[in-house]
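Structural overview
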Amino acid sequence: MAPSVFQRKQRTTHESFSPSKSSSSSTPSPPSLSAPPVDRFARYTQLSRDADPGRGHYFLSGPEDNDERHLPAGIDDDLMPPELTHVDVLPRAYAMEQRTTVNLKDMRICEVVNGGMGRIQHLQFKCAEDPSCLKCVPQPLLEVSNILLEVHQDPSLFTARRDTLLRLFPRPPAPGQGHPIIVMATDTKYMDYVLNWLCVAEERMHKDIHSYVLIVALDQQTVDICVRRQLKYITYFSDTLSKIEKVVMAVNELIHLNHSAIMQDTDLAWVKDPVPFLRRSKFAFNMDILGQVAPRWDAQGQVNTGFVFIRSNKKTKLFMDSLVSAIPLMLWKGDDQIVWNHLLRLWVFRQLHWQLIPHTIVRGVVGGKEVDHRRQITNRTLVAHVLSGTGQEKRDRLATLGLWMYNTPQCPAM
């Protein structure tokens, strides 16, 4: 019987094939890693292949909110040993090891023939005369983005930003070690969401969660609140950048300083601590990026960038550098999710191991007052992310779930 895909990958890791010898006569050398038996992960691998044979991405959807028939048992509480949470199973000598960034000419986002985002007509992300899209970006916007990228790469400012972040979060001894940094961007209008998230997390989990939070402050009032509440924050140099680009730049800095990061929207709450699941669950084994499900098949799917975990390593450093280089397109369309998903599908990043978090674990809470939102949360739910609706409607939904504490004695107002 031919070996499975996963077994072939394991064999590539541990065997040395010589051109002068036939593969039938070679004897596999014993594994050099203290890895678990292959069949321990066969179920997860098979589920992934069934869902998307070409990529191995795990995607859950269905009409029943509590449909967990496809979830492996113990997905959120059976943890891996720390030393086995990330093991490379692909050959190292490949394109990603030889690159420093992927620019817009490499991405070819507007090339319809090669499956670029230009084929999604209703998003109008197209540029017939230029696969890189740059000729279609309005010239004033392109000039601004070029200046911003030059300033971002300025050596003195680069050093100043890194020094600031190192004072806030000392560099881990190795990439990906330590508690991930939670990154949120906000202005005063949405600061109550941030403080609510913080109060709920501290009440339900641990009191020192604020030590791992980085606020990307979008106005001076937010800076003042962070100072009063003793929250760690960073600001960026341009009013032209929206929160989308500023979050990408902040996460990029952290990943290069060996910190893993959770990039999340403000309109959510942690039902339970998701960090053990993201770092050490069997589901997250060997994953570089884990993202919330965006149940759509256009350019904005499959990852919802409202909740994304990025593990710091060589591959994600390249990925985040490439996202920064795509800031002109984010400015053009005011959307980072299209660029995120296109890069995840790009051939250069085929070595990147990414996975969709099942929707019962990071749950998108939807519907109006006629919906019982409590039924959308199961005993496996770790994060409740309120999708669509006005600011007050989102607050009401979180309150219905018992996840709104802001402006109470336990969580005083700003």
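All values derive from a computational prediction rather than experimental measurement.

Right, let's get into the nonpolar core. Grouped together as the largest cluster of nonpolar side chains are 58 residues, with contacts concentrated most on Val251, Ile289, Phe319, Leu323, Trp340 and Phe349. When residues of this core are assigned to their parent elements, the largest contribution, eight residues, is made by helix α8 (residues 243-256). Excluding anything up to four places from it in sequence, Leu323 contacts Val248, Met330, Val339, Trp340 and Leu343. Grouped together as the second largest cluster of nonpolar side chains are 45 residues, Met191, Val275, Val383 and Tyr406 included.

Moving on to the confidence of the model for the protein. Summarising the model, the protein shows a mean pLDDT of 76, and 71% of its residues fall at 70 or more. Ranking the elements of the protein by mean pLDDT puts helix α2 (residues 42-51) last, at 35, and strand β4 (residues 261-264) first, at 97. Contacts of residues 113-123 to residues separated by more than four positions or lying in other chains number 27 contacts, the stretch itself having pLDDT below 50.

The subject of this paragraph is the pattern of salt bridges. Tallied over the entire structure, the rule returns six salt bridges. Taking the shortest distance from any N to any O, the salt bridge between Asp192 and Arg395 comes out at 2.8 Å. Here Arg395 lies in helix α13 (residues 391-400) and Asp192 lies in helix α6 (residues 191-204), a separation of 203 residues in the sequence. Residue classification places Asp192 among the buried positions, given a relative accessible area of 8%.

Glycine aside, residues mostly have negative phi, and peptide bonds are mostly found in the trans state. One non-glycine residue, Cys133, lies in the positive phi region at around 75°. Note that Cys133 resides in the loop between α3 (104-107) and α4 (139-152). Looking at Cys133, the relative accessible area reads 0%, which means it is buried. The phi dihedral of Asn258 is positive, around 75°, even though this residue is not glycine. In this structure, Asn258 sits in the loop between α8 and β4.

Our next topic: α13. Of all the residues in α13, the buried ones are Lys394, Arg395, Arg397 and Leu398. Projected down its long axis, α13 carries its buried residues within an arc of 160°, all on one side. On its buried face, α13 is in contact with α6, β5 (268-270), β9 (362-365) and β10 (383-386). Within two residues after α13, Gly402 carries a phi angle of roughly 75°, on the positive side.

Moving on, we get to helix α10 (residues 314-325). Look at α10: 17 Å from first C-alpha to last across 12 residues, which is about the 16 Å you get at 1.5 Å a residue. In terms of burial, α10 is a largely internal element, 10 of the 12 residues being buried. Every buried residue of α10 is accounted for by Lys315, Thr316, Lys317, Leu318, Phe319, Met320, Ser322, Leu323, Val324 and Ser325.

Attention shifts here to the packing of aromatic side chains. Aromatic rings considered in pairs are described by the distance between their centres and by the relative angle of their planes. Tallied over the full model, the rule gives seven aromatic pairs. A centroid spacing of 5.1 Å and a plane angle of 85° characterise the contact between Trp197 and Trp270, whose relative ring orientation is edge-to-face. Of the two residues, Trp197 is situated in helix α6 and Trp270 in strand β5; the sequence distance between them amounts to 73 residues. For Trp197, a relative accessible area of 1% gives the class buried. Trp270 sits in the buried class, given a relative accessible area of 0%. Aromatic side chains Phe319 and Phe349 sit 5.1 Å apart centroid to centroid with 80° between the ring planes, which places their arrangement in the edge-to-face category. Linking Phe319 in helix α10 with Phe349 in the loop between α12 (337-345) and β8 (354-357), this pair joins segments that are 30 residues apart in sequence. Note on Phe319: relative accessible area 0%, which makes it buried. Grouping aromatic residues by their ring pairs yields a cluster made of Tyr190, Tyr193, Trp404 and Tyr406.

A word on the sheet that holds strand β3 (residues 233-234). Either a parallel or an antiparallel arrangement is found when strands of a sheet pair, and the pairing is made through backbone hydrogen bonds. One open sheet accounts for seven strands, arranged β3-β2-β1-β4-β7-β6-β8; its pairing is mixed. Edge positions in the sheet fall to β3 and β8, since each of these pairs with one other strand and no more. Relative to β4, strand β1 (residues 181-186) runs parallel, the two being bridged by three bridges. Across the sheet, the residue bridging to Val183 is Met263, located in β4. Set on the sheet, α12 makes contact with β4, β6 (289-293), β7 (303-310) and β8; between it and β7 the angle comes to about 60°.

What counts, and where the lines are drawn
Residues numbered from 1 in each chain as written. Predicted model: local features only at pLDDT ≥ 70, side-chain atom pairs only at ≥ 80, totals over all residues. Heavy atoms only, no water. Core = buried A, V, L, I, M, F, W, Y, C linked by side-chain atoms within 4.5 Å. Buried < 20%, exposed > 50% of the residue type's maximum accessible area, 1.4 Å probe, protein only. Helix = DSSP H or I, 4+ residues; strand = E, 2+ residues; numbered from the N terminus. Contact = heavy atoms within 4.5 Å. pLDDT = per-residue confidence, 0-100. Salt bridge = Lys/Arg side-chain N within 4 Å of Asp/Glu carboxyl O. Arc of directions from axis to C-beta. Expected span 1.5 Å × (residues − 1). Phe/Tyr/Trp six-rings, centres within 6.5 Å; stacked < 30°, edge-to-face > 60°. Pairing = 2+ DSSP bridges. Axes fitted to C-alpha atoms, helices over the stretch in contact; angles between N-to-C directions.

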